[in-house]
Amino acid sequence: MQRIRLRYTKRGRLRFTSHRDFQRAFERALRRADVPMAYSAGFTPHPKVSYANAAPTGTGSEAEYLEIALTETRDPETLRVLLDESLPAGLDITDAVEARTSGLADRLTASVWELRLDGVTVEEARKAVEAFLAAETVEVKRKTKNGIRTFDARSAVADLVADRPQARSEADRPLDNACAILRLVVRHVTPAVRPDDVLSGLRAVADLAPPVPAAVTRLAQGLFDEESGTVTDPLAPDREAVTAAPPTAAATASATAPGAGTA
């Protein structure tokens, strides 16, 4: 059985698809691409697909991950192209690698988020960020299926900065309306701290209340490096394992055959 790990996106209007919606779309794409999927046992077999830490409905993402199990060997890049062509635009398969290591979910320990705050000046956002980071704890409330839950949103935040939107080209004109960009690195803890929880914290400590809902996009997720404060690529260990893998028996036999390497 071969295992392939995929990175995919949720862009544009597709950010509003739920995780169940994506599951249905992805399983249709597997059938269209004629992927030789492995199936679970039992009365209702289903494709062996493992999803890891999906983004909340309504948020965009450049870094969602899943793993599939195949009954036949396939080239990861060829498979990526076939699946990408079988999915709607916005749900894009951007990377594929053969799983050579264990514990993909264990390497998703932090996320990098971008929050676009229209109607908020950069100065207002920076003051709120300073107040948030200066606080030892920032208690926020969230409605759950078990009622209202109160928890600390500050401890999970490894980094938070406010900046201006970057111009897409030199021809871009300055924005007519105020707009601030927050870039947030948050550790995956229990209970999970989401971008909207951080916004609730900013409202609590600095009365920052954007007039319109923030546009939220996950830029990356992976293993959090405490020394550098960065989030690393979770597929890198699999690529490194492929590069470091010993030569196959066939390649070794070819290299040691009599006359090999002679003109």
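Before reading further, recall that the structure is shown in the block above.
Along each chain, residues carry numbers from 1 onward, in the same order as the chain's sequence is written. In view of the model being predicted, local features appear only for residues whose pLDDT reaches at least 70, and side-chain atom pairs are presented and counted only at 80 or more, with totals across whole chains, interfaces and linings using the full set of residues. Processing note: side-chain calculations cover all non-hydrogen atoms of the structure and skip hydrogens and water entirely.

**Q** Before we move on, can you summarise the pairing of strand β6 (residues 139–144) with the specific residues and values?
**A** Consecutive side chains along a regular strand alternate between the two faces of the sheet. Looking at chain direction, β6 and strand β7 (residues 147–152) are connected through six bridges and run antiparallel. What sits directly across from arginine 142, in β7, is arginine 149. Think of it this way: DSSP has to see at least two bridges between two strands before they count as a pair. Secondary structure follows DSSP: runs of H or I at least 4 residues long count as helices, runs of E at least 2 residues long count as strands, and numbering of each begins at the N terminus. In sequence, β6 turns back onto β7 through a hairpin of two residues.

**Q** Describe the environment of arginine 5, listing the residues and the values that go with them.
**A** Within the secondary structure, arginine 5 sits in strand β1 (residues 2–10). Spatially, the C-alpha atom of arginine 5 lies 7.8 Å from that of leucine 235, the residues being 230 residues apart in sequence. A polar contact is formed between the side chain of arginine 5 and the backbone oxygen of threonine 101, at a distance of 2.8 Å. Under the rule applied, a polar contact is a pair of N or O atoms within 3.5 Å (in protein, one hydrogen donor and one hydrogen acceptor; residues adjacent in sequence only if both atoms are side-chain atoms). Side-chain polar atoms of arginine 5 contact the side chain of aspartate 238, separated by 2.9 Å.

**Q** I'd like a rundown of the nonpolar core, residues and numbers included.
**A** Among soluble globular proteins, nonpolar side chains are generally buried collectively. Within the largest apolar cluster, 28 residues are counted, with the highest numbers of intra-cluster contacts made by Leu115, Leu160, Leu182, Leu184, Val198 and Leu202. Looking at this core, the elements with two or more residues in it are β5 (110–118), α3 (122–134), β8 (157–163), β9 (179–187) and α4 (195–206). Of all the elements, α3 adds the most residues to this core, at five residues. Those residues in contact with valine 198 that sit more than four places away from it in its chain are Phe132, Val157, Leu160, Leu184 and Val193. Grouping buried Ala, Val, Leu, Ile, Met, Phe, Trp, Tyr and Cys residues that are joined through side-chain atoms within 4.5 Å yields what is termed a nonpolar core. Remark: exposure states derive from per-residue accessible area (1.4 Å probe, protein chains only) relative to the maximum for the residue type, with buried under 20%, exposed over 50%, and partly exposed in between. Listed in part, the 22 residues of the second largest apolar core include Ala29, Met37, Leu79 and Ile93. The contact rule is simple, with two residues in contact once any of their heavy atoms fall within 4.5 Å.

**Q** Could you give an account of the pattern of salt bridges, with specific residues and numbers?
**A** A pair is scored as a salt bridge if a Lys or Arg side-chain nitrogen falls within 4 Å of a carboxyl oxygen belonging to Asp or Glu. Throughout the structure, instances matching the rule amount to 20 salt bridges. The residue aspartate 238 makes a salt bridge to arginine 5 at a minimum N-O spacing of 2.9 Å. Placement of aspartate 238 in helix α5 (residues 236–244) and of arginine 5 in strand β1 is noted, with a sequence separation of 233 residues between them. The closest approach of N and O atoms between arginine 126 and aspartate 163, which form a salt bridge, is 3.6 Å. Here the residue arginine 126 occupies a position in helix α3, and aspartate 163 occupies one in strand β8, the gap between them amounting to 37 residues.

**Q** Give me the lowdown on unusual backbone geometry, citing residues and values where you can.
**A** The omega angle of the peptide bond from threonine 190 to proline 191 is 0°, so this bond is cis rather than trans. One non-glycine residue, asparagine 53, lies in the positive phi region at around 55°. Relative to the helices and strands, asparagine 53 resides in the loop between β2 (49–52) and β3 (60–70). By relative accessible area, which is 37% here, asparagine 53 ends up partly exposed. In this model, aspartate 207 sits at a positive phi of 55°, which is unusual for a non-glycine residue. Here aspartate 207 falls in the exposed class, since its relative accessible area comes to 62%.

By themselves these figures say nothing about function.
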